[in-house]
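Letter by letter, the chains look like this.
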Amino acid sequence: MYIVIIGCGKTGSAVADLLSKNGEDVVVIDKDNSAFNKLSPDFTGFTINGDATEVEVLLESKINKADMAIVTTEVDTVNSMVAQIAKDIYEVPKVIVKINEPDKATIYNNTDILTISPTDLFIDELRDRLAKDDSEVLNEESLT
Amino acid sequence: MKIIIVGDGKVTYHLIKNFIAKGYEVSVINDNDEYCDYLASKTNALVIKGDGTNPYYLNQSGANKADIILALTDNDPDNLYICQIAKSYFQIPKTFSVVNNPDNEEMFKELGVETIFNTTKLISLLIEQRVEVSNVSNLISIEEGRLNISQVILTSDSPIIGKTLKEIDLPHDIVFGCIIRDEQILIPKGDTKLLEGDKTLIITLPEKQAEAFEVLLGE
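All values derive from a computational prediction rather than experimental measurement.

Observations regarding the overall build of chain B
- Broken down by element type, chain B carries seven helices and eleven strands.
- Scaling as 2.2 N^0.38, a compact globule of 219 residues should have a C-alpha radius of gyration of about 17 Å, whereas chain B reaches 22 Å, well beyond that.
- Considering only C-alpha atoms, chain B reaches an extent of 65 × 35 × 25 Å along its principal axes.
- The burial tally for chain B puts 45% of its 219 residues in the buried class.
- Total accessible area computed for chain B in this model is approximately 11,700 Å², and 52% of it derives from carbon and sulfur atoms.
- Chain B carries 20 positive and 33 negative side-chain charges, and their two centres are separated by 7 Å.

Rendered as structure tokens:
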């Protein structure tokens, strides 16, 4: 699969390493050249230094030929713009966006863009664990 | 009419003043303390301090009842986001955005922003025009740009050379202020004849300026 990753922060670099290790063709874009230092030495994909809200930069990554775009910058409005360009203009089949502030996720309602919110994931996981702890406590209590 | 502006700087300030003078209800969202204090002390706008891309602050600014939103920040992704959330979440009928990167104009259009001000393109265009047609110069703008006084030097191919003011078919909203001929100042009358090399001062509305130059220079 040909995958374009926008943003090479903690999330983007880890995702890039993972997908590259899995044998996918990966291109990572970041406007800060030093961000690419986070990639592992085994990363076999390409890097592009530039602002992904500029169309030339996206075209340089051949986003129009990508099977998937993963948008992971720290700025929600940038993510929203890039994701929409990828989906609506370059018709990338699968576009996945990281949500930094859950309040700003409403923009993706009624779109084909997939979202992942680390905050919501944390809350869900925490809720599950608390529920599990409660039930374990209950089980222990019922055993005695 | 209720207008929300997300923006900063002098443009935002003057727009607020103009809109309020016209009787519109204006809210402005900005995340800078000092700027907000300034606006609050100098204008009658409802000033909301906060992140204009956050639906919470948009709601506080009265987005549910707004007729128009203007996204005037220097950040294109923010401007796009503001217009889209205004339209999809608050159903604001009219969305206006500035684009800072000229290439984003088409993109914004495709992504549903109604009216786009491509400021970089506009300014470059103005500068280009000025550089190319040096016999035209804008002297001053009054009332924050609602009236222009410009100087046009008549060249040999100007179609009005040798004609009197009476004979020129001058569009409405354009006034001949005065003519400077060989350092002499002439206050023009209907029978004043125009000669090559005359410096004419014309008073126009900005939107009629191109038309005026066409009549005077024949381009």
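A short note on the domain arrangement of chain B
- When its domains are assigned, chain B resolves into domain 1 (2–122) and domain 2 (134–217).
- Each of domain 1 of chain B and domain 2 of chain B has a C-alpha centre, and these two points are 37 Å apart.

Focus on the interface of chain A and chain B
- Taken together, the contact pairs 18 residues of chain A with 19 residues of chain B.
- Taken over both partners, the interface formed by chain A and chain B buries close to 1,500 Å², and the fraction arising from carbon and sulfur atoms is 63%.
- Summed over the shared surface of chain A and chain B, the result is one salt bridge.
- Between Asp51 of chain B and Lys104 of chain A there is a salt bridge, with the nearest N and O atoms lying 2.9 Å from each other.
- The interface formed by chain A and chain B holds five residue pairs in polar contact (both at pLDDT 80 or more) in total.
- Looking at the side of chain A that touches chain B, the elements with two or more residues in it are helix H2 (55–60) and helix H3 (76–89) of chain A.
- Ranked by the residues each element gives to the side of chain A that touches chain B, the list is headed by H3 of chain A, at eight residues.

Some words on the pairing of strand S4 (residues 68–72) of chain B
All names here are of chain B.
- Taken across its five residues, S4 has five buried, putting it largely inside the fold.
- Side chains Ile68, Leu70 and Leu72 project from S4 onto one buried face, and the interleaved Ile69 and Ala71 project onto a second face that is buried too.
- Across five bridges, the pairing between strand S1 (residues 2–7) and S4 is parallel. Looking at S4, one finds that Gly7 is bridged to Leu72.
- Relative to strand S5 (residues 94–99), S4 runs parallel, the two being bridged by four bridges. The residue bridging Ala71 from the neighbouring strand is Ser97, located in S5.

What about the pairing of strand S5 (residues 94–98) of chain A?
All names here are of chain A.
- In terms of burial, S5 is largely enclosed, as four of its five residues are buried.
- Bridge count for strand S4 (residues 68–71) against S5 is four bridges, and the pairing is parallel. Residue pairing for S5: Ala69 is matched across the bridge by Val95.
- Once you follow S4 into H3 and on to S5, the crossover reads as right-handed.
- The sheet contact formed by S5 and strand S6 (residues 114–116) spans three bridges and is parallel. Paired with Ile96 across the bridge in S6 is Leu114.

Focus on the layout of surface pockets
- Taken as a whole, the second largest pocket holds about 520 Å³ of empty space.
- When contributions to the lining of the second largest pocket are tallied by element, the ones reaching two or more residues are helix H1 (10–21) and strand S2 (25–30) of chain A together with helix H4 (76–88) of chain B.
- Grouping the amino acids of the lining of the second largest pocket by side-chain chemistry returns seven nonpolar, eleven polar and nine charged.

Structural notes on the sheet that holds S5 of chain A
All names here are of chain A.
- What the six strands build is an open sheet, ordered S3-S2-S1-S4-S5-S6; its pairing is parallel. The open sheet is flanked by strand S3 (46–49) and S6, the only strands paired with a single partner. Strand-to-strand twist in this sheet, taken as the mean axis angle between neighbours without regard to direction, amounts to 20°.
- As judged from the four bridges shared by S2 and S3, these two strands associate in the parallel manner. The partner of Val28 across the bridge, within S3, is Thr47.
- Running at roughly 165° to strand S1 (residues 2–6), H1 makes contact with S1, S2, S4 and S5 of the sheet.
- In this fold H3 packs onto S1, S4 and S5, with an angle of close to 180° to the strand it touches most, S5.

Brief notes about helix H2 (residues 33–42) of chain B
Residues and elements named next belong to chain B.
- Listed in full, the buried residues belonging to H2 are Tyr35, Cys36 and Leu39. The buried side chains of H2 occupy one side of the element, clustering within an arc of 100° when seen end-on. Facing away from the buried side of H2, by more than 90 degrees, are the exposed residues Asp33, Glu34, Asp37 and Ser41.
- At its buried positions, H2 is contacted by S1, helix H1 (9–21), strand S2 (25–30) and strand S3 (46–49).
- Measuring from the side-chain oxygen of the N-cap residue of H2 to the backbone nitrogen of Glu34 gives 2.9 Å; that N-cap residue is Asn32.

Here is what the cut-offs are and how they apply
Residues numbered from 1 in each chain as written. Chains lettered and ligands numbered in written order. Predicted model: local features only at pLDDT ≥ 70, side-chain atom pairs only at ≥ 80, totals over all residues. Heavy atoms only, no water. Helix = DSSP H or I, 4+ residues; strand = E, 2+ residues; numbered from the N terminus. Rg over C-alpha atoms; globule rule 2.2 N^0.38 Å. Buried < 20%, exposed > 50% of the residue type's maximum accessible area, 1.4 Å probe, protein only. Areas by Shrake-Rupley, 256 points an atom, 1.4 Å probe, with all protein chains shown as cover. Lys, Arg positive; Asp, Glu negative; His and termini not counted. Charge placed at Lys NZ, Arg CZ, Asp CG, Glu CD. Domains from an automatic or database assignment. Contact = heavy atoms within 4.5 Å. Buried area = accessible area lost by both parts, 1.4 Å probe. Salt bridge = Lys/Arg side-chain N within 4 Å of Asp/Glu carboxyl O. Polar contact = N/O pair within 3.5 Å; in protein donor to acceptor, adjacent residues only side chain to side chain. Pairing = 2+ DSSP bridges. Right-handed = clockwise from strand over helix to strand, strands pointing away. 1 Å grid on protein atoms, 1.4 Å probe; cavity = no way out; pocket = protein on both sides within 12 Å on 5 of 7 lines; lining within 4 Å. Points joined across faces, edges and corners; volume = space filled by probe spheres on them. Nonpolar A, V, L, I, M, F, W, Y, C, P; charged D, E, K, R; others polar. Axes fitted to C-alpha atoms, helices over the stretch in contact; angles between N-to-C directions. Arc of directions from axis to C-beta.

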